[in-house]
Amino acid sequence: MKADKVLVLGGSGFIGRHLVAQLARREIKVTVPSRRRERAKHLIVLPTVDVVEANVGDHAVLERLARAQDAVVNLVGILHGDFERAHAELPQAIVAACRAAGVRRLLHMSALGADVQGPSEYQRSKAKGEQAVREAKDLDVTVFRPSVAFGPEDRFLNRFAAMARFMPVLAVPCPQARFQPVYVGDVARAMAAALDDNASHAKVYELGGPHEYTLKQLVELVCSLTERRRLVIGLPEWASRMQAFALEKLPGRLLTRDNYRSMQVPNTTRSPFPFGIVPQALEAVAPAYLLPSGPRERYPQLRWRARR
Ligand SMILES: NC(=O)c1ccc[n+]([C@@H]2O[C@H](COP(=O)([O-])OP(=O)(O)OC[C@H]3O[C@@H](n4cnc5c(N)ncnc54)[C@H](OP(=O)(O)O)[C@@H]3O)[C@@H](O)[C@H]2O)c1
């Protein structure tokens, strides 16, 4: 069945904005609930998109939202906080809401590395959520497991770029941690392609970009793309753990011990990118949004180097 009306939970976020835009381009009527409508204001301008303020943690609200939809997409996810609730309990509640509302089609976003035996709570809770939706054999479920996604609004490469802007030395935790960054637009294209593709029912798709990098290589690449010559040093394990311990206590929680544990497992895949999509390389996309240092920034640097 062709999906004309789709509920996108977590549609206000980074991947959501790309997926919702793609669905809107296909003239699909999209409903995006958000705990704060203000957070999703970039979506309000899209012609077929309805942003509603709602707490999807409330089962009755979730069921009401699912009613009269052709498909539900779950993009809710967190990097720190109540993992059990966001990654395990919510997918169970989504399955229940789909059943109650008579919605068969469910697209669920998991993550590469999701594993009930994984070293981090993030990975274990993601695995539980995945299990909950895959066990729902009466629904047509497709699961996606991306590596870390990059794109204009990412909190990954942009964060390294922001750090490189102010810090002359960058101390990278878990420098040998492996990633296969995937362009957010490709992730959204894969999900949009799956929506009406019966062959994707009961499938799990791992989504990785064309190249693998260590975390240190990624930081060096960002410095190079932004034309900032910085000393990038990899921290040993004990110092990486200490950095995570310290940073998780600060506002913004740039790194937590759970994130540190996630990085103990390579975030890479050997699966080919699905739906005939050729994934874009980081080197091709990132220069368009990682701005190089401008003359204003370079002038003090030159003075500093010249000791003037
Ligand atoms: N970005 C990546 O590199 C990456 C990699 C692998 C997997 N993933 C997965 O992909 C999904 C989307 O990621 P993203 O980067 O787009 O995330 P994001 O930008 O942080 O957006 C997450 C969304 O989840 C919603 N949300 C968070 N906690 C919630 C809660 N307790 N109850 C209800 N809604 C909640 C937020 O909605 P409101 O705040 O508007 O209510 C927001 O729209 C997540 O499942 C994530 O784990 C992402």
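Residues numbered from 1 in each chain as written. Predicted model: local features only at pLDDT ≥ 70, side-chain atom pairs only at ≥ 80, totals over all residues. Heavy atoms only, no water.

Attention now moves to the packing of helix 4 (residues 83-101) against helix 5 (residues 121-134). Each pair of packed helices gets described by two things: the angle between the helix axes and the distance between those axes. Relative orientation of the contacting elements helix 4 and helix 5 amounts to 5 degrees, with a least axis distance of 8 Å. As the angle between them shows, helix 4 and helix 5 are arranged roughly parallel. Across the interface between the two elements, Phe83, Glu84, His87, Ala88, Pro91, Gln92 and Val95 of helix 4 pack against Glu121, Tyr122, Ser125, Lys126, Lys128, Gly129, Ala132 and Val133 of helix 5. By residue class, the composition of the contact of helix 4 with helix 5 is seven nonpolar, four polar and four charged. (Axes fitted to C-alpha atoms, helices over the stretch in contact; angles between N-to-C directions. Helix = DSSP H or I, 4+ residues; strand = E, 2+ residues; numbered from the N terminus. Parallel < 35°, antiparallel > 145°, perpendicular 65-115°, else oblique. Contact = heavy atoms within 4.5 Å. Nonpolar A, V, L, I, M, F, W, Y, C, P; charged D, E, K, R; others polar.)

Summarising the element assignment, Ser12 is placed in the loop between strand 1 (5-9) and helix 1 (14-25). A polar contact of 3.5 Å, which involves the side chain of Ser12, links it to the side chain of Arg39. Residues within four places of Ser12 in sequence aside, it is in contact with Val32, Ser34, Arg39, Ala40, His42 and Leu43. (Polar contact = N/O pair within 3.5 Å; in protein donor to acceptor, adjacent residues only side chain to side chain.)

A few words on the environment of Val51. Mapped onto the elements of the fold, Val51 is located in strand 3 (residues 49-53). Beyond its immediate chain neighbours, meaning those up to four positions away, Val51 contacts Val32, Arg37, Ala40, Leu43 and Ile44.

Take the sheet that holds strand 4 (residues 71-74) next. What links the strands of a sheet is backbone hydrogen bonding, and the strands pair in either a parallel or an antiparallel sense. Overall, parallel pairing links the seven strands, which are arranged 3-2-1-4-5-6-11 in an open sheet. The open sheet has two edge strands with one neighbour each: strand 3 and strand 11 (203-207). When strand polarity is set aside, the average angle formed by the axes of neighbouring strands in this sheet is 20 degrees. In this structure, strand 2 (residues 29-34) lies alongside strand 3, joined through five bridges in parallel fashion. If you follow Ser34 over to strand 3, its bridge partner there is Glu53. (Pairing = 2+ DSSP bridges.)

A word on the side chain of Thr31. The residue Thr31 is located in strand 2 in this model. Among the polar contacts made by the side chain of Thr31, one reaches the side chain of Gln69 at a distance of 3.5 Å. Excluding its chain neighbours within four sequence positions, the residues that come into contact with Thr31 are Val6, Leu7, Val8, Asp50, Val52, Leu65 and Gln69.

This brings us to unusual backbone geometry. As a rule of thumb, non-glycine residues mostly have phi less than zero, and peptide bonds are mostly trans rather than cis. Phi at Glu227 takes a positive value of approximately 55 degrees, unusual for a residue other than glycine. Of note, the phi angle at Arg253 is positive, near 40 degrees, even though the residue is not glycine. Structurally, Arg253 can be placed in the loop between helix 9 (237-247) and helix 10 (257-262). For Arg253, a relative accessible area of 31% gives the class partly exposed. (Buried < 20%, exposed > 50% of the residue type's maximum accessible area, 1.4 Å probe, protein only.)

What follows concerns the domain arrangement of the protein. Frequently, the measure chosen for interface size is the accessible area that the parts lose on association. Assigned domains of the protein: these are domain 1 (5-150 + 181-207) and domain 2 (157-178 + 211-267 + 281-303). Each of domain 1 and domain 2 has a C-alpha centre, and the two are 29 Å apart. Both sides of the domain 1 and domain 2 interface together cover about 1200 Å² of buried area, and 60% of this is carbon and sulfur. Of all residues in domain 1, His80, Phe150 and Pro181 give up the largest surface area on contact with domain 2, accounting jointly for 44% of the area buried on that side. (Domains from an automatic or database assignment. Buried area = accessible area lost by both parts, 1.4 Å probe.)

All right, on to the site of the ligand then. Near the ligand lie 23 residues; those nearest to it are Ser12, Ser34, Lys126, Ala149 and Arg155. At 3.1 Å, a backbone N or O of Val76 approaches an oxygen atom of the ligand. Lys126 is positioned with one of its side-chain polar atoms (N or O) 2.8 Å from an oxygen atom of the ligand. Look at the ligand: alone it shows 900 Å² of surface, and the protein chains cover 85% of it. A breakdown of the residues in the shell around the ligand according to their chemical character gives twelve nonpolar, seven polar and four charged. (Near = heavy atom within 4 Å. Areas by Shrake-Rupley, 256 points an atom, 1.4 Å probe, with all protein chains shown as cover.)

The final tally for this structure, using the stated rule, is zero disulfides. With no disulfide partner, Cys174 has as its closest neighbouring cysteine sulfur the one in Cys223, 18 Å distant. (Disulfide = S-S within 2.5 Å.)

Val6, Val8, Leu19, Leu23, Phe144 and Leu157 are the most contacted members of the largest nonpolar core, which has 66 residues in total. Residue contributions to this core peak at eight residues, all from helix 7 (residues 184-195). The two domains that each donate at least three residues to this core are domain 1 (5-150 + 181-207) and domain 2 (157-178 + 211-267 + 281-303). When neighbours within four sequence positions are excluded, Leu19 is seen to be in contact with Val8, Val73, Leu75, Ala188, Met191 and Ala192. Leu9, Leu62, Ile94 and Val141 belong to the second-largest nonpolar core, a separate cluster that totals 24 residues. (Core = buried A, V, L, I, M, F, W, Y, C linked by side-chain atoms within 4.5 Å.)

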